[in-house]
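An overview of the molecular structure
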Amino acid sequence: MSMIFFKGWKRFKNSIRYKAAFFIFFGTLCIIIIGLMLGYAVGSYLLTEAIGVGYKNVSHSLAHSIEMALMDEIRFLEIIATRPLWVDVVKQSNEQYSNKGREVIEQQLLEMDKLWIQSEAGSSLMKEYLENRVSLSMRDVTVLRKDIAEIFITDKFGALVAASGKTSDFYQADEAWWQKAYNNGNGALYMGDVEYDASSKTWVIPLAVPMREPGTGKIVGVCKEAFAIDRLFAQIAALELTDVSSIFVMNKNGRILFGGGITPLSSKLAGDEAIRKILASRRAYEIITVDAPHKMKAFVTDTDIEAPFLVQRNIAWTVLVINDTVKALAPLHKLTLYLVLAGIALMMMMFPAGYFLGGFVSRPIRQLHIVVEKIMAGEWDYPIRIRTRDEIEEFADALQTMREFLKEKQDELICARQDLERFSSGLEQKVQERTKELIRAQEATFNILEDLIEEKKKAEEALKAKSEFTSTISHELRTPLTAIKEGIIIVLDETAGNLNPSQKEFLTIAQRNVDRLARLINDVLDFQKFEASRINFRFVENNINEIVRETAQAMAPVAKEKGLDFSLCLQDDLAKIVFDRDRITQVLTNLLDNAIKFTRSGSISVATAKESNTIKVSVKDTGPGIKEEDIPRLFQKFEQLENPMDRKTGGTGLGLAISKEIIQAHKGKIWVESEFGKGSTFSFLLPIVDRRV
């Protein structure tokens, strides 16, 4: 019984009805999960934006009200500072010092300051300054205005004139606030940051304004009051928000000035990094961890109090509204829970619905399965009766068409098989014939390759023989030339006897031609060594400017003999580099010799300069120049740009080719820049860092 149940369950599990129910169930699950995630994300975003914007408006409104309250208090202080009674008393105080020097006045006031500090309440000194008419009027002001903790006035020397209560000092001119308010007799508004006033035992904002004489506007004294922050921030205390929100006023260092029942300046709202994030934020809100009123993750909206009189005095206050994220988002969490429960109920209903829907799909598919089995058994004419008016019916029609097509193709395959059997009988013979033809073609190709290799060897042997012959002839010519040269030198020195001018001239011509022939032979031998890779270099550290100077000194007389100007332009601070001194001298000699030979008039200059990680050497002349199409031929062996029948200068055409080989052996570069008819500049580069690896 259990086996039958197991097989039935396995068949059901693999059925379309089960799969349809399964996919509907899990499709609904995915849709619900995605919907919940998107709904929570969108709801969270909209709720946080609404909270942020709402409390941003609150913080902005509070900041504006604080700014207005400060402006009103400043205007109030400026008004009472102009009371005629107060101004007259201050002027009278100033007159008592009219015949005294500044130092005497200061000394007298310092003595008064000591007496003031030591005086007790009810003493004559106290009564003089705390119970006069002005002091009593000040006391009336503090009674009417509970937010004014203290108010007093001084004369222009900083001496106390009248006060609502005992001040901590009598002499105020040494205080920074008094100096800023008096401003050397020019007067200015003074406003300080939040501080604790010891006289009134209250947290206050100190304000001071200059007292001016009516009519003239002359500064006669200073009026100061201590404005209690409880009055300034009264709107914050009176504003009732939700139980999840708090309002604070913070200074630029993150210290709390007001809010949450926290003593001003006693604690910070959050860590330094969080404070910087709040102050730098351009969004309506930030979500950070705060320490006040208790440690929590909260929405924080802020608005700076940007009153000009605060900004000018580097006082930065910020109003912050803080909202606990957990409690603020609680309604959203509750709604999400309800949606999850509704989704679970919906999923429980989707499985049976999917099971019944799967039955409508699986029935015609089972009929198609029976048709396919009949076709596989060879029953090509078994009828297909499916009328679902959907894709399954279209599939049944396509199956009927395929059945007819397959039957037709089966017949064609039988015919093709018979034709293939007839064709394969003659195919083997044709393959054997083609194979024999390919073998013959391969043998012919090998014969051609052997002939080419043999011809290559003969060409290499001929080239080697030519090189050896050229080298041998050059060496054989060098020995008699040396003897001829020495003989001419001995005769020219008149060691063998006196010579007349004509004889000297002919011998000098002969000597020049012998030298020229020797150079030609040396060029041929050098080039043979380069071709055979038998040239040796001595790479040592040298100063390129020294080589240029020595070569130029040797070639300068030849240039002057032709009437050419010869100049050097060498960069002084060039570093020593590694190169073969003799070979670079040979390159310079070739370039200078060509410049002198081809320049009929004008000048020749040699320059050195540092370029990136290389040193550049240039030889510039004012000769005939080179045509652009002839430049590629310059550095090829045995190439001369003159017509051999019209040549006026000698040479083998190997000088520049040898120079190119030498520079390339130094891992450098040689090239020419020329404009036909105006002259040429031959340049080469030598690396500063040794690159011969």
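For the structure itself, consult the block above.
The written sequence of each chain sets the order in which its residues are numbered from 1. For a predicted model such as this one, the threshold for reporting local features is a pLDDT of at least 70, and the threshold for listing and counting side-chain atom pairs is 80 or more; totals across whole chains, interfaces and linings nevertheless cover every residue. Side-chain numbers here rest on the full set of heavy atoms in the structure, without hydrogens or water.

This next bit is on the overall build of the chain. Every helix listed is a DSSP run of H or I at least four residues long, and every strand listed is a run of E at least two residues long, numbered separately from the N terminus. Helix and strand counts for the chain come out as 18 helices and 18 strands. Within the span of the chain, comprising 693 residues, buried residues form 37% of the whole. Throughout, a residue-residue contact means that at least one pair of heavy atoms, one from each residue, lies within 4.5 Å. In the chain, 63% of the contacts between residues at least 6 apart in sequence involve partners at least 24 apart. Per-residue accessibility, obtained with a 1.4 Å probe over protein chains only, is compared with the maximum for each type, and a residue is labelled buried under 20%, exposed over 50%, and partly exposed between these values.

This part takes up the sheet that holds strand β15 (residues 603-611). Pairing in this open sheet of five strands is mixed, and the strands run β13-β15-β16-β18-β17 from one edge to the other. Edge positions in the sheet fall to β13 (565-570) and β17 (669-675), since each of these pairs with one other strand and no more. Strand-to-strand twist across the sheet, computed as the mean angle between neighbouring axes with direction ignored, equals 15 degrees. By the convention used here, strands pair only if DSSP detects at least 2 bridges between them. Relative to strand β18 (residues 679-687), strand β16 (residues 614-621) runs antiparallel, the two being bridged by eight bridges. When the bridges of β18 are listed, lysine 620 appears paired with threonine 681. Its contacts with the sheet put helix α17 (residues 581-598) on β13, β15, β16 and β18, and the angle it makes with β18 is roughly 175 degrees. Throughout, an axis means a line fitted to C-alpha atoms (over the contacting stretch in the case of helices), and angles, computed between N-to-C directions, take values from 0 to 180 degrees.

Our next topic: the sheet that holds strand β9 (residues 286-290). For sheets, the rule is that strands pair by backbone hydrogen bonds, running either parallel or antiparallel. In space, the five strands of this open sheet follow the order β8-β7-β11-β10-β9, with antiparallel pairing throughout. Two strands close off the open sheet at either side, each with one partner strand: β8 (256-258) and β9. Here the strands of the sheet are splayed against their neighbours by 45 degrees on average, with no regard to which way each runs. Sheet analysis places strand β10 (residues 296-305) next to strand β11 (residues 317-324), joined by eight bridges and oriented antiparallel. Each residue of the ladder has a partner; that of valine 300, found in β11, is isoleucine 322. Relative to the sheet, helix α10 (residues 272-280) contacts β7 (245-251), β9, β10 and β11, its axis offset from that of β9 by approximately 155 degrees.

Moving on: the pattern of salt bridges. Any Lys or Arg side-chain nitrogen found within 4 Å of a carboxyl oxygen on Asp or Glu counts as a salt bridge. Applying the stated criterion across every chain yields a total of eight salt bridges. Here lysine 91 and glutamate 213 are joined by a salt bridge, their closest N and O atoms 3.1 Å apart. Of the two residues, lysine 91 sits in helix α3 (residues 84-95) while glutamate 213 sits in the loop between β5 (202-212) and β6 (219-228), which places them 122 residues apart along the sequence. Accessibility expressed as a relative area gives 22% for glutamate 213, which makes it partly exposed. A salt bridge links lysine 616 to glutamate 611; the shortest N-O distance between them is 3.7 Å.

This brings us to unusual backbone geometry. Notably, serine 612 is not glycine yet its phi reads approximately 55 degrees, a positive angle. A residue is classified by how much of its surface remains accessible, and serine 612, at 71% relative accessible area, is exposed. For lysine 667, which is not a glycine, the phi torsion comes out positive at approximately 60 degrees. The topology assignment puts lysine 667 in the loop between α18 (655-665) and β17. Overall, lysine 667 belongs to the partly exposed group, its relative accessible area being 42%.

Our focus in this paragraph is the nonpolar core. In plain words, nonpolar cores are sets of buried Ala, Val, Leu, Ile, Met, Phe, Trp, Tyr and Cys residues tied together by side-chain atoms within 4.5 Å. In terms of nonpolar packing, the biggest core is built from 51 residues, with Ile153 and Trp317 touching the most fellow members. Ranked by residues supplied to this core, first place goes to helix α2 (residues 16-80) with 10 residues. Core analysis: the second largest hydrophobic core is formed by 38 residues, Leu564, Ile596, Ile615 and Ile663 among them.

Keep in mind these numbers describe shape, not what the thing actually does.
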